[in-house]
Amino acid sequence: MNSRKSLAMVLAVSLVVLVLPAVVMAAAVSTECAYTDSDVVCEVYVDTASVELRSGGVRLTYTPGDLTVNSAEINDTVWFFGAGGSDFATPNAIDTSVPGIVDLVVGKLDTNATSAGVTGARVLIGRVTFSRNNANLPVVIAAGLARGGEPFVSFVNATSGDPLDGTTFNTIVAERCDVNGNGIINTLDFTILRAMLRNGDDYVVYADCYNDGRLTTLDFTALRAKLR
Ligand SMILES: [Ca+2]
Ligand SMILES: [Ca+2]
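Everything in this summary refers to the structure shown in the same document. (Residues numbered from 1 in each chain as written. Chains lettered and ligands numbered in written order. Predicted model: local features only at pLDDT ≥ 70, side-chain atom pairs only at ≥ 80, totals over all residues.)

**Observations regarding the overall build of the protein chain**
Of the regular secondary structure elements, the protein chain holds three helices and twelve strands. Counting over 228 residues, the protein chain shows a buried share of 32%. Counting only contacts in the protein chain whose residues sit at least 6 apart along the sequence, the fraction spanning at least 24 positions is 71%. (Helix = DSSP H or I, 4+ residues; strand = E, 2+ residues; numbered from the N terminus. Buried ≥ 20, exposed ≤ 12 C-beta atoms within 10 Å, placed from the backbone. Contact = placed C-beta atoms within 7 Å.)

Following this line, the structure appears as C-alpha coordinates:
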(Lines give C-alpha, C1' and ligand atoms only; values in the text may rest on other atoms or scores of the structure.)
(Ligands and ions follow the chains in the order given, each with its own letter.)
Protein backbone atom coordinates (compact mmCIF):
# COMPACT_ATOMS: atom_id res chain seq x y z
CA MET A 1 0.00 0.00 0.00
CA ASN A 2 1.48 3.38 -0.88
CA SER A 3 1.66 6.14 1.69
CA ARG A 4 -1.23 8.11 0.20
CA LYS A 5 -3.52 5.10 0.41
CA SER A 6 -2.43 4.31 3.96
CA LEU A 7 -2.98 7.95 4.95
CA ALA A 8 -6.46 7.79 3.44
CA MET A 9 -7.17 4.65 5.41
CA VAL A 10 -5.95 6.18 8.66
CA LEU A 11 -8.19 9.18 8.01
CA ALA A 12 -11.16 6.94 7.24
CA VAL A 13 -10.63 4.89 10.40
CA SER A 14 -10.22 8.06 12.46
CA LEU A 15 -13.46 9.42 11.03
CA VAL A 16 -15.32 6.23 11.96
CA VAL A 17 -13.88 6.41 15.47
CA LEU A 18 -14.83 10.07 15.73
CA VAL A 19 -18.33 9.60 14.36
CA LEU A 20 -19.30 6.41 16.21
CA PRO A 21 -19.72 7.83 19.74
CA ALA A 22 -22.18 10.44 18.49
CA VAL A 23 -24.20 7.77 16.71
CA VAL A 24 -24.36 5.33 19.60
CA MET A 25 -25.06 7.89 22.35
CA ALA A 26 -28.64 6.75 22.47
CA ALA A 27 -30.61 4.06 24.15
CA ALA A 28 -31.84 1.07 22.15
CA VAL A 29 -35.03 -0.44 23.53
CA SER A 30 -36.01 -4.00 22.66
CA THR A 31 -39.48 -5.28 23.48
CA GLU A 32 -39.82 -9.04 23.15
CA CYS A 33 -43.25 -10.64 23.47
CA ALA A 34 -44.23 -14.31 23.46
CA TYR A 35 -47.87 -15.28 22.91
CA THR A 36 -49.79 -18.48 23.47
CA ASP A 37 -53.49 -19.11 22.86
CA SER A 38 -54.26 -17.62 26.27
CA ASP A 39 -51.61 -15.04 27.15
CA VAL A 40 -48.84 -12.71 26.07
CA VAL A 41 -45.67 -11.99 28.04
CA CYS A 42 -43.58 -8.97 27.07
CA GLU A 43 -40.11 -8.17 28.34
CA VAL A 44 -38.64 -4.73 27.78
CA TYR A 45 -34.86 -4.29 27.66
CA VAL A 46 -32.62 -1.32 27.10
CA ASP A 47 -29.15 -1.45 25.66
CA THR A 48 -27.34 1.45 27.21
CA ALA A 49 -23.75 0.31 26.89
CA SER A 50 -22.65 3.66 25.48
CA VAL A 51 -24.21 5.93 28.09
CA GLU A 52 -25.26 5.88 31.76
CA LEU A 53 -28.98 6.39 32.15
CA ARG A 54 -30.64 8.32 34.94
CA SER A 55 -34.16 7.49 33.87
CA GLY A 56 -36.28 6.15 31.09
CA GLY A 57 -39.85 5.56 30.10
CA VAL A 58 -41.37 3.06 27.70
CA ARG A 59 -44.97 2.99 26.56
CA LEU A 60 -46.43 -0.24 25.24
CA THR A 61 -49.58 0.11 23.19
CA TYR A 62 -51.99 -2.73 22.46
CA THR A 63 -55.54 -3.34 21.22
CA PRO A 64 -57.76 -3.26 24.34
CA GLY A 65 -60.41 -5.54 22.84
CA ASP A 66 -57.82 -8.20 22.14
CA LEU A 67 -55.76 -8.02 25.31
CA THR A 68 -56.17 -7.27 29.01
CA VAL A 69 -53.23 -6.40 31.25
CA ASN A 70 -52.73 -9.09 33.88
CA SER A 71 -49.61 -7.80 35.58
CA ALA A 72 -46.82 -5.32 35.09
CA GLU A 73 -43.58 -5.11 37.01
CA ILE A 74 -40.37 -3.11 36.93
CA ASN A 75 -36.93 -4.60 37.45
CA ASP A 76 -36.33 -2.73 40.71
CA THR A 77 -33.04 -4.45 41.50
CA VAL A 78 -31.53 -2.23 38.81
CA TRP A 79 -33.85 0.78 38.85
CA PHE A 80 -34.13 2.24 42.35
CA PHE A 81 -33.74 5.41 44.36
CA GLY A 82 -32.09 4.89 47.70
CA ALA A 83 -29.08 3.42 49.42
CA GLY A 84 -27.54 0.66 47.41
CA GLY A 85 -30.77 -0.96 46.44
CA SER A 86 -32.14 -1.18 49.99
CA ASP A 87 -34.80 1.45 49.45
CA PHE A 88 -37.20 0.70 46.66
CA ALA A 89 -39.48 3.67 47.34
CA THR A 90 -38.86 5.12 43.92
CA PRO A 91 -40.33 7.18 41.19
CA ASN A 92 -40.57 3.94 39.24
CA ALA A 93 -44.10 3.94 37.98
CA ILE A 94 -46.37 1.55 36.21
CA ASP A 95 -49.44 3.13 34.67
CA THR A 96 -52.08 0.85 33.21
CA SER A 97 -55.02 3.17 33.87
CA VAL A 98 -55.75 3.85 30.21
CA PRO A 99 -56.92 0.80 28.24
CA GLY A 100 -54.52 0.16 25.38
CA ILE A 101 -51.53 1.72 27.13
CA VAL A 102 -48.92 0.48 29.60
CA ASP A 103 -46.32 3.01 30.76
CA LEU A 104 -43.19 1.75 32.48
CA VAL A 105 -41.21 4.64 33.98
CA VAL A 106 -37.88 3.86 35.60
CA GLY A 107 -35.05 5.74 37.27
CA LYS A 108 -31.96 5.17 39.31
CA LEU A 109 -30.40 7.36 41.99
CA ASP A 110 -28.12 5.40 44.27
CA THR A 111 -27.58 7.60 47.33
CA ASN A 112 -24.25 5.82 47.88
CA ALA A 113 -23.09 6.67 44.36
CA THR A 114 -25.14 9.58 43.15
CA SER A 115 -23.36 10.03 39.84
CA ALA A 116 -23.91 6.43 38.79
CA GLY A 117 -26.66 5.68 36.36
CA VAL A 118 -27.69 2.44 34.72
CA THR A 119 -25.43 1.10 32.04
CA GLY A 120 -24.96 -2.16 30.18
CA ALA A 121 -26.24 -4.26 27.37
CA ARG A 122 -29.71 -5.71 27.53
CA VAL A 123 -30.78 -4.30 30.90
CA LEU A 124 -34.27 -5.44 31.83
CA ILE A 125 -36.69 -2.56 32.37
CA GLY A 126 -39.76 -4.60 33.16
CA ARG A 127 -42.21 -7.28 32.25
CA VAL A 128 -45.89 -7.05 31.30
CA THR A 129 -48.29 -9.95 30.99
CA PHE A 130 -51.60 -9.84 29.16
CA SER A 131 -54.45 -12.29 28.83
CA ARG A 132 -55.88 -12.76 25.36
CA ASN A 133 -59.58 -12.12 24.91
CA ASN A 134 -59.81 -13.74 21.49
CA ALA A 135 -57.79 -15.65 18.92
CA ASN A 136 -57.10 -12.61 16.73
CA LEU A 137 -53.77 -12.66 14.97
CA PRO A 138 -51.47 -10.93 14.71
CA VAL A 139 -51.10 -9.92 18.34
CA VAL A 140 -50.27 -6.24 17.98
CA ILE A 141 -48.05 -4.58 20.57
CA ALA A 142 -45.84 -1.58 19.89
CA ALA A 143 -43.36 0.39 21.98
CA GLY A 144 -42.29 4.01 22.13
CA LEU A 145 -41.40 6.73 24.62
CA ALA A 146 -43.72 7.01 27.61
CA ARG A 147 -45.83 10.17 27.88
CA GLY A 148 -44.46 11.68 24.73
CA GLY A 149 -40.90 11.56 26.03
CA GLU A 150 -41.16 14.39 28.51
CA PRO A 151 -37.89 14.97 30.44
CA PHE A 152 -37.19 12.29 33.04
CA VAL A 153 -39.64 10.02 31.34
CA SER A 154 -37.61 9.89 28.18
CA PHE A 155 -34.16 8.34 28.38
CA VAL A 156 -31.91 10.74 30.25
CA ASN A 157 -28.12 10.78 30.42
CA ALA A 158 -27.04 10.36 34.08
CA THR A 159 -23.96 12.52 33.59
CA SER A 160 -25.38 15.50 31.73
CA GLY A 161 -29.04 15.25 32.74
CA ASP A 162 -30.00 15.73 29.10
CA PRO A 163 -32.62 13.64 27.35
CA LEU A 164 -31.04 11.40 24.72
CA ASP A 165 -31.78 11.92 21.09
CA GLY A 166 -32.58 9.05 18.84
CA THR A 167 -33.73 6.34 21.23
CA THR A 168 -34.69 3.40 19.04
CA PHE A 169 -37.44 0.86 19.61
CA ASN A 170 -37.49 -2.64 18.24
CA THR A 171 -40.48 -4.83 19.03
CA ILE A 172 -40.87 -8.52 18.24
CA VAL A 173 -44.09 -10.38 18.99
CA ALA A 174 -43.72 -14.11 18.35
CA GLU A 175 -45.49 -17.29 19.29
CA ARG A 176 -43.88 -18.96 22.29
CA CYS A 177 -41.50 -21.69 20.94
CA ASP A 178 -40.75 -19.69 17.80
CA VAL A 179 -37.14 -19.49 18.91
CA ASN A 180 -35.94 -17.18 16.15
CA GLY A 181 -39.16 -15.17 16.05
CA ASN A 182 -39.62 -15.57 12.30
CA GLY A 183 -43.32 -16.48 12.40
CA ILE A 184 -42.86 -20.22 11.80
CA ILE A 185 -42.19 -22.97 14.34
CA ASN A 186 -40.11 -25.66 12.66
CA THR A 187 -36.95 -27.72 13.03
CA LEU A 188 -34.83 -24.65 12.40
CA ASP A 189 -35.93 -23.50 15.84
CA PHE A 190 -34.35 -26.67 17.31
CA THR A 191 -31.07 -25.86 15.65
CA ILE A 192 -31.10 -22.30 16.89
CA LEU A 193 -32.14 -23.25 20.42
CA ARG A 194 -29.31 -25.80 20.55
CA ALA A 195 -26.82 -23.10 19.56
CA MET A 196 -28.28 -20.68 22.13
CA LEU A 197 -27.88 -23.25 24.91
CA ARG A 198 -24.39 -24.17 23.81
CA ASN A 199 -23.32 -20.52 23.70
CA GLY A 200 -25.11 -19.57 26.91
CA ASP A 201 -27.00 -16.88 25.02
CA ASP A 202 -29.26 -14.37 26.70
CA TYR A 203 -32.78 -15.35 27.66
CA VAL A 204 -35.39 -14.59 25.04
CA VAL A 205 -38.97 -15.02 26.16
CA TYR A 206 -40.34 -16.57 22.95
CA ALA A 207 -37.52 -19.14 22.95
CA ASP A 208 -38.67 -20.25 26.40
CA CYS A 209 -40.97 -22.97 25.06
CA TYR A 210 -41.34 -24.66 28.47
CA ASN A 211 -42.20 -21.27 30.00
CA ASP A 212 -40.18 -21.44 33.18
CA GLY A 213 -38.18 -18.22 32.85
CA ARG A 214 -34.92 -19.75 31.66
CA LEU A 215 -33.52 -21.60 28.69
CA THR A 216 -32.78 -25.29 29.32
CA THR A 217 -33.12 -28.65 27.57
CA LEU A 218 -36.71 -28.73 28.82
CA ASP A 219 -37.41 -26.20 26.10
CA PHE A 220 -36.30 -28.81 23.54
CA THR A 221 -38.79 -31.31 24.91
CA ALA A 222 -41.58 -28.76 24.83
CA LEU A 223 -40.67 -27.73 21.29
CA ARG A 224 -40.67 -31.35 20.12
CA ALA A 225 -44.15 -31.85 21.59
CA LYS A 226 -45.30 -28.71 19.83
CA LEU A 227 -44.03 -29.96 16.44
CA ARG A 228 -45.69 -33.38 16.72
CA1 LIG B 1 -39.00 -20.00 13.90
CA1 LIG C 1 -37.49 -22.71 29.67
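**Describing helix 2 (residues 187-199)**
For the α-helix, the turn length of 3.6 residues means that residues three or four positions removed from each other point alike. When the terminal C-alpha atoms of helix 2 are compared, their 19 Å separation across 13 residues agrees well with the 18 Å that a helix rising 1.5 Å per residue should span. Two residues or fewer after helix 2 comes Gly200, characterised by a positive phi angle close to 65°. (Expected span 1.5 Å × (residues − 1).)

**A short note on unusual backbone geometry**
Going from Leu137 to Pro138, the amide bond is cis rather than trans, its omega being 0°. Position of Pro138 relative to the elements: it lies in the loop between strand 9 (123-132) and strand 10 (141-145). Its identity as a non-glycine residue notwithstanding, Arg122 has a phi of 55°, on the positive side. Assignment of secondary structure puts Arg122 in the loop between strand 8 (109-110) and strand 9. Given 14 C-beta atoms within 10 Å, Arg122 falls into the partly exposed group. In this structure, Cys177 takes a positive phi of about 95° despite not being glycine. Within the secondary structure, Cys177 is located in the loop between strand 12 (168-175) and helix 2.

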